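The lines below spell out each chain.
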Amino acid sequence: MGKCWEGLMVALKSVGLDDKLFVHKSVKFHVVDDPLVVATAAFVKLGVLAYVLWAMFDPAQRQYFAFEVPGGSTAMWEENGGFPCCGIGTEMPAGLCDADPRYNVMYSPTYTYFDNTCREYNYGDVIRKMDEARAIQLTTYVVETKNSWSDCLDDAGAPRPEGCRSRNSTSANYFVPHIDQTIISIDHAYDAPLRGVFGTRPKTKLIDHKGNTVRKFGKNKLIQLSLKELVTYSALNDLERVNKKAEYCVDCASEAPTYRMTGVVIEIQIDYDNRRRLDGRKVIATATVKYHDRGWSSFGPQIHHHERGDDMKNTQYYHYGIRVIVTPGGTIGHWDTYLFMGVIAQFLVYLAVASIAADFVSNWLLGDRSIDLKYKQFDFELTHHKPETWAAR
């Protein structure tokens, strides 16, 4: 083996590679007692320690938790459907029910919203629940159309192929009074199946569009808000505001429609979080309210009365209003040993930054001492192993 190694080294020496290949550079330590270097290293180490403690114990981090986004279920209902009751106030905007011209809107020359007054409606006319009970619709404005057809059957009593010979239609426009005082109740639950965490009605705080906590609901308490409060917290502020995104006939000397007429979508985002405690057993909820600024938001037509025969009649309601949507979200997690070890490993790796920072200070910021240290740092001692040494092995 010695002869082979000697031959290899001779070949490498002939091309000038004998001192470049098959060499290992070991670490050469220098003890520097300069206060600036020591303070730099200590400062960086404290910074790394502070970061790791923050990553482990700050409720917004919990980097040793394995997380998932929880699902949720919701049931919603309201306690006042378009007429005063239960001690709830009766205030309404001035002129709302008096055919005030400022509410006259012309969508097109053939489609108008004129002569708007008010009419009380039944609970089922004002409230609609959507699929999965995560949304509820509150009617604020109704276009009520009564249609009648006559002479629809031929002499044999069969429907005429060309349809009824006489048709008549009349429409009236109504605001739903007192809808602003409607109380909306929300029963909510969360479920994180991968973490085995689930529950109902945790402590909940309500955040408005400015990030301020405006309401708090205790554990096992329903979220209960009036429509007026929802409008205020969502930054819409008032249903009498003009909806600038709603189309209308600008060239027809028409007034612009208000949100009370066009309707609007208000979303309640409920985020569930269990990072407040180290064991992850306490879940709290934060609900934020916002509205989606867009044009007309109708619920579509609904037939309320229909009669068939030679003369046919029906009554159609076309609803506009507030669609309240509840969306679950947030972060649910639990202790994960693998992630915890990852945080510890990060800590050990980041400690090397202290050495790098101290080397930078000692090599560049100490004046003449930095020059001397850099010279000594690169003053390598080359130790050769003779071929016979390897041969003896």
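Residues numbered from 1 in each chain as written. Predicted model: local features only at pLDDT ≥ 70, side-chain atom pairs only at ≥ 80, totals over all residues. Heavy atoms only, no water.

Relative to the helices and strands, Leu-194 is located in the loop between strand S9 (183-192) and strand S10 (197-200). Distance in space between the C-alpha atoms of Leu-194 and Val-69 is 9.7 Å, their sequence separation being 125 residues. (Helix = DSSP H or I, 4+ residues; strand = E, 2+ residues; numbered from the N terminus.)

Time to look at the confidence of the model for the protein. Here the protein averages 80 in pLDDT, and 81% of its residues register 70 or above. Strand S11 (residues 203-207) holds the highest mean pLDDT among the elements of the protein, 95, whereas helix H9 (residues 387-392) holds the lowest, 48. Note that residues 84-88 has pLDDT below 50 and, in this model, 9 contacts with residues that lie over four places away or in other chains. Contacts of residues 389-393 to residues separated by more than four positions or lying in other chains number 4 contacts, the stretch itself having pLDDT below 50. (pLDDT = per-residue confidence, 0-100. Contact = heavy atoms within 4.5 Å.)

The next thing to look at is the pairing of strand S3 (residues 105-108). Sheet topology places S3 next to strand S4 (residues 111-113); 3 bridges connect them, and they run antiparallel. Counterpart to Ser-108 in the pairing with S4 is Tyr-111. What sits between the antiparallel neighbours S3 and S4 is a turn of 2 residues. (Pairing = 2+ DSSP bridges.)

Bringing the nonpolar core into the picture now. In terms of nonpolar packing, the biggest core is built from 41 residues, with Leu-230, Ile-266, Ile-268, Ile-270 and Ile-322 touching the most fellow members. Secondary structure elements with two or more residues in this core: strand S7 (135-150), S9, strand S13 (223-226), helix H4 (227-233), strand S14 (264-273), strand S15 (284-292) and strand S17 (312-335). The residues contacting Ile-270, other than those within four sequence positions of it, are His-188, Ile-223, Ala-285, Thr-286, Ala-287, Val-326, Thr-327, Pro-328 and Gly-329. (Core = buried A, V, L, I, M, F, W, Y, C linked by side-chain atoms within 4.5 Å. Buried < 20%, exposed > 50% of the residue type's maximum accessible area, 1.4 Å probe, protein only.)

Summed over all chains, the structure comprises 16 aromatic pairs. Arranged with centres 5.2 Å apart and planes meeting at 65°, the rings of Tyr-103 and Phe-175 form a pair that is edge-to-face. Residue Tyr-103 is found in the loop between strand S2 (71-78) and S3, and its partner Phe-175 is found in strand S8 (residues 166-175); the two are separated by 72 residues along the sequence. Between Tyr-141 and Phe-175 the ring centres are 4.9 Å apart and the planes differ by 55°, which places this aromatic pair in the tilted class. On the criterion of sequence distance, the pair formed by Tyr-141 in strand S7 and Phe-175 in strand S8 is long-range, its members being 34 residues apart. Like Tyr-141, the residue Phe-175 is buried in the burial classification. Against the face of Tyr-174 rests Arg-119, its NZ or CZ located 5.7 Å from the ring centre. (Phe/Tyr/Trp six-rings, centres within 6.5 Å; stacked < 30°, edge-to-face > 60°. Lys NZ or Arg CZ within 6 Å of the ring centre and 35° of its normal.)

This part takes up helix H2 (residues 35-57). When the terminal C-alpha atoms of H2 are compared, their 32 Å separation across 23 residues agrees well with the 33 Å that a helix rising 1.5 Å per residue should span. For H2, the elements touching its buried residues are helix H6 (337-350) and helix H7 (352-364). N-capping of H2 is provided by Asp-34, with a side-chain oxygen placed 2.9 Å from the backbone N of Leu-36. (Expected span 1.5 Å × (residues − 1). Polar contact = N/O pair within 3.5 Å; in protein donor to acceptor, adjacent residues only side chain to side chain.)

With that settled, the discussion passes to unusual backbone geometry. A positive phi angle, close to 55°, is found at Ala-99, a residue other than glycine. Looking at Ala-99, the relative accessible area reads 31%, which means it is partly exposed. Positive phi outside glycine occurs at His-178, with the angle close to 65°. Its place among the elements puts His-178 in the loop between S8 and S9. Exposure remark for His-178: the relative accessible area of 10% places this residue in the buried category.

With respect to the secondary-structure elements, Asp-180 resides in the loop between S8 and S9. In this structure Asp-180 comes out as buried when scored by relative accessible area, which is 12%. If near-sequence neighbours (up to four positions away) are discounted, Asp-180 is found in contact with Ser-226, Leu-227, Lys-228, Leu-239 and Arg-260.

So, about the state of the cysteines. Applying the stated criterion to the full structure yields 1 disulfide. Across a sulfur-sulfur distance of 1.9 Å, Cys-97 and Cys-118 are joined as a disulfide pair. Its S-S torsion of approximately -80° makes the covalent link between Cys-97 and Cys-118 left-handed. Of this pair, Cys-97 sits in the loop between S2 and S3 while Cys-118 is found in strand S5 (residues 117-118), placing the two residues 21 residues apart along the sequence. (Disulfide = S-S within 2.5 Å.)

If you want to describe how two helices pack, look at the angle between their axes and the distance between the axes. Between H2 and H7, the least distance of the axes is 8 Å, while the angle of their chain directions is 155°. Considered as vectors, H2 and H7 are oriented roughly antiparallel to each other. Along this stretch, H2 crosses H7, giving a crossing that reads as right-handed. Where H2 abuts H7, its residues Leu-36, Val-37, Thr-40, Ala-41, Val-44 and Lys-45 lie against Val-353, Ala-354, Ala-357, Ala-358, Val-361 and Ser-362. A breakdown of the residues in the contact of H2 with H7 according to their chemical character gives 9 nonpolar, 2 polar and 1 charged. (Axes fitted to C-alpha atoms, helices over the stretch in contact; angles between N-to-C directions. Parallel < 35°, antiparallel > 145°, perpendicular 65-115°, else oblique. Left-handed = near helix turned anticlockwise from the far one by under 90°. Nonpolar A, V, L, I, M, F, W, Y, C, P; charged D, E, K, R; others polar.)

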